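Residues per chain are reported as follows:
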Amino acid sequence: MNILVVNAGSSSLKYQLIDMTSESLLAKGLCERIGIEGSNIEQKANGRVYQKTLPLKNHTEAFGALVGALTDPEYGALKDLSLIGAVGHRVVHGAEAFTGSVVIDGAVMKALRDNIPLAPLHNPANIMGIEACRSVMPGVPMVAVFDTAFHQTMPRRAYLYGLPYEYYEKYRIRRYGFHGTSHRYVASRAAALLGKPIERLKLISCHMGNGSSFAAVDGGRSVDTTMGLTPLEGLIMGTRSGDLDPAVIEMLAQTEGISLKDAIGVLNKKSGLLGLSGGLSSDWRDIRAGLQAGDDAAARAAEVFAYRAKKYIGAYIAAMNGCDAILFTAGIGENDGCAREMILKDMDYLGIELDPELNKARGEALISASGSRVKVFVVPTNEELAIARDTLALTGTARARFNTPAIERSFA
Ligand code: AMP
């Protein structure tokens, strides 16, 4: 069965078509600038690149373009749409309503809309993507896979903030965490590498990309994570500040004469590596290059980034009372030995020791020294494959459910 995996942003639509018999990638594409001048689609399939600039007024038109690209006789990967068995949608915020992936029906759509206040930037785009997909591919079962779901196992001591409890009761203000699909995938892959059942392992999954989060995974369950109500909390990221004293926001608003919303915008878009490096770059590669060339602004950003990450590893070892393995993934985690070395330096007291030679590895690899009590791995993430696997697992019964007229009607 072929599964289409969709990640809809406000002006973009990323997709992958995966053949689940062999778990191989058939096509990968991206529609950009949806609703903006210069919209375009680019797809790679069978080693050929399909590129078109065409007006895409909305997500439905983008889906039309995606279908055209996938079924293009010369550049496509499919004869016709009937060869897509199901669609898996990445959805950012499932709040407390979703503890796992679900087949999308009317009740799910309502819950997604109810969650918009918790993810005003992401969930509306995800909803548009689902609605557009359904209008272009009616009757094809769809599954929602949530970034937050894996973290729903966190105990309340980890997810509650030290706020008046009524705010949790009234507004569900709490830590939710993100990147759950990646943490879940990487943790299960590490269990296979260690040759042990995940139920017996304490793992720290370090997803470090443009957005970064760590998760403490005890017995296969997320017990803590660095991102919070939104992806702003926790680590230093490309442009996000991560943790800070909340009073900074009021001070910034007052002293700079900006609104609270704009102050939060500074924390989201102008901080992190970009802000700390004095505007040099949000991209770790530039920061590392600057650091290696002796640039102090780059060194400053790298130091704060690595120190914050190191502290969370220590915190999660304490939270789980131990750690069998630390897993590095995503753009920085998978590719940058320098970042991994800066983070894990001087942690031998906790039984963590990198092997400098092994740390040069690319791709899945053990990179800790032979005597290191805690094993360290690079584990490339594959969120799309995880979404496709969930979609396949759930759609055996989905087609029957989705073809029920009552459910079709209730979707709207
Ligand atoms: P992601 O969000 O997972 O795509 O990761 C983006 C981040 O990964 C950016 O900060 C990039 O600088 C970093 N990155 C990507 N490729 C490399 C690489 N080969 N070496 C170091 N950092 C990389």
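Up top is the structure.
In short, a report on the structure. (Residues numbered from 1 in each chain as written. Predicted model: local features only at pLDDT ≥ 70, side-chain atom pairs only at ≥ 80, totals over all residues. Heavy atoms only, no water.)

### Examining the overall build of the chain
And step 1. A tally of helices and strands in the chain yields 16 helices and 14 strands.
And step 2. Relative to the globule expectation of 22 Å for 412 residues, the C-alpha radius of gyration of the chain, 22 Å, shows essentially globular dimensions.
And step 3. Structurally, the chain occupies a C-alpha span of about 60 × 55 × 45 Å along its principal axes.
And step 4. Counting across all 412 residues of the chain, residues that qualify as buried make up 50%.
And step 5. When contacts within the chain are restricted to residue pairs at least 6 apart in sequence, long-range pairs at least 24 apart make up 61% of them. (Helix = DSSP H or I, 4+ residues; strand = E, 2+ residues; numbered from the N terminus. Rg over C-alpha atoms; globule rule 2.2 N^0.38 Å. Buried < 20%, exposed > 50% of the residue type's maximum accessible area, 1.4 Å probe, protein only. Contact = heavy atoms within 4.5 Å.)

### Concerning the packing of helix H6 (residues 180–194) against helix H14 (residues 383–394)
A packed helix pair is summarised by two numbers, namely the angle formed by the two axes and the spacing between the axes.
And step 1. The N-to-C vectors of H6 and H14 enclose an angle of 90 degrees; their axes lie 9 Å apart at closest approach. In terms of axis orientation, H6 runs roughly perpendicular to H14. Facing Thr181, Ser182, Arg184 and Tyr185 of H6, the residues of H14 in contact are Glu383, Leu385, Ala386, Ile387, Arg389 and Asp390.
And step 2. Taken together, the residues of the contact of H6 with H14 sort by class into four nonpolar, two polar and four charged. (Axes fitted to C-alpha atoms, helices over the stretch in contact; angles between N-to-C directions. Parallel < 35°, antiparallel > 145°, perpendicular 65-115°, else oblique. Nonpolar A, V, L, I, M, F, W, Y, C, P; charged D, E, K, R; others polar.)

### Focus: the pairing of strand S4 (residues 40–45)
And step 1. With six bridges joining them, strand S3 (residues 24–32) and S4 adopt antiparallel strand pairing. Residue pairing for S4: Gly29 is matched across the bridge by Gln43.
And step 2. Here S4 pairs with strand S5 (residues 48–53) via six bridges, running antiparallel. Bridge pairing in S5 links Gln43 to Tyr50. (Pairing = 2+ DSSP bridges.)

### Concerning the packing of helix H11 (residues 296–320) against helix H13 (residues 337–344)
And step 1. Where H11 meets H13, the axes come as close as 8 Å, and the angle between the chain directions of the two elements is 55 degrees. Classed by the angle they form, the pair H11 and H13 counts as oblique. At the point where H11 passes H13, the crossing takes the right-handed sense. Where H11 abuts H13, its residues Ala302, Glu303, Phe305, Ala306, Ala309, Lys310 and Ile313 lie against Ala339, Met342, Ile343 and Leu344. (Left-handed = near helix turned anticlockwise from the far one by under 90°.)

### What to know about the sheet that holds strand S14 (residues 375–378)
And step 1. Judged by pairing direction, the sheet is mixed, and its six strands sit side by side in the order S11-S10-S9-S12-S14-S13 without closing on themselves. Two strands close off the open sheet at either side, each with one partner strand: strand S11 (221–225) and strand S13 (365–366).
And step 2. Both strand S10 (residues 212–218) and S11 contribute to a ladder of four bridges, which runs antiparallel. The residue of S11 that forms the bridge with Asp218 is Arg221.
And step 3. Running over the sheet, H6 touches strand S9 (202–208), S10, S11, strand S12 (325–329) and S14 and is turned about 130 degrees from S9.
And step 4. Relative to S10, H11 is tilted by about 15 degrees, and along the sheet it contacts S9, S10, S11 and S12.

### Some remarks on the sheet that holds strand S7 (residues 102–103)
And step 1. Read across the sheet, eight strands follow the order S5-S4-S3-S2-S1-S6-S8-S7 without closing on themselves; strand pairing throughout is mixed. Edge positions in the sheet fall to S5 and S7, since each has one partner strand and no second.
And step 2. Contacting strand S1 (2–8), strand S6 (84–91) and strand S8 (142–146), helix H3 (residues 123–136) crosses the sheet at an angle of about 165 degrees to S6.

### As for the site of the ligand
And step 1. Neighbouring the ligand are Gly209, Asn210, Asp283, Trp284, Arg285, Arg288, Ala330, Gly331, Ile332, Asn335, Asp336 and Arg362.
And step 2. Between the ligand and Asp283, the relevant distance is 2.3 Å, taken from an oxygen atom to a side-chain nitrogen or oxygen of the residue.
And step 3. At 3.0 Å, a backbone N or O of Trp284 approaches an oxygen atom of the ligand.
And step 4. Calculation on the ligand without its partners gives an accessible area of 500 Å², and the protein chains cover 72% of this total.
And step 5. Elements represented by at least two residues in the shell around the ligand include exactly helix H10 (284–292) and helix H12 (330–335). (Near = heavy atom within 4 Å. Polar contact = N/O pair within 3.5 Å; in protein donor to acceptor, adjacent residues only side chain to side chain. Areas by Shrake-Rupley, 256 points an atom, 1.4 Å probe, with all protein chains shown as cover.)

### Concerning H3
And step 1. With 14 residues, H3 should reach 20 Å at 1.5 Å per residue; the first-to-last C-alpha distance of 20 Å fits that figure.
And step 2. Inspection of H3 places Asn123, Ala125, Asn126, Ile127, Gly129, Ile130, Ala132, Cys133 and Arg134 among the buried residues, and these make up the whole buried set. (Expected span 1.5 Å × (residues − 1).)

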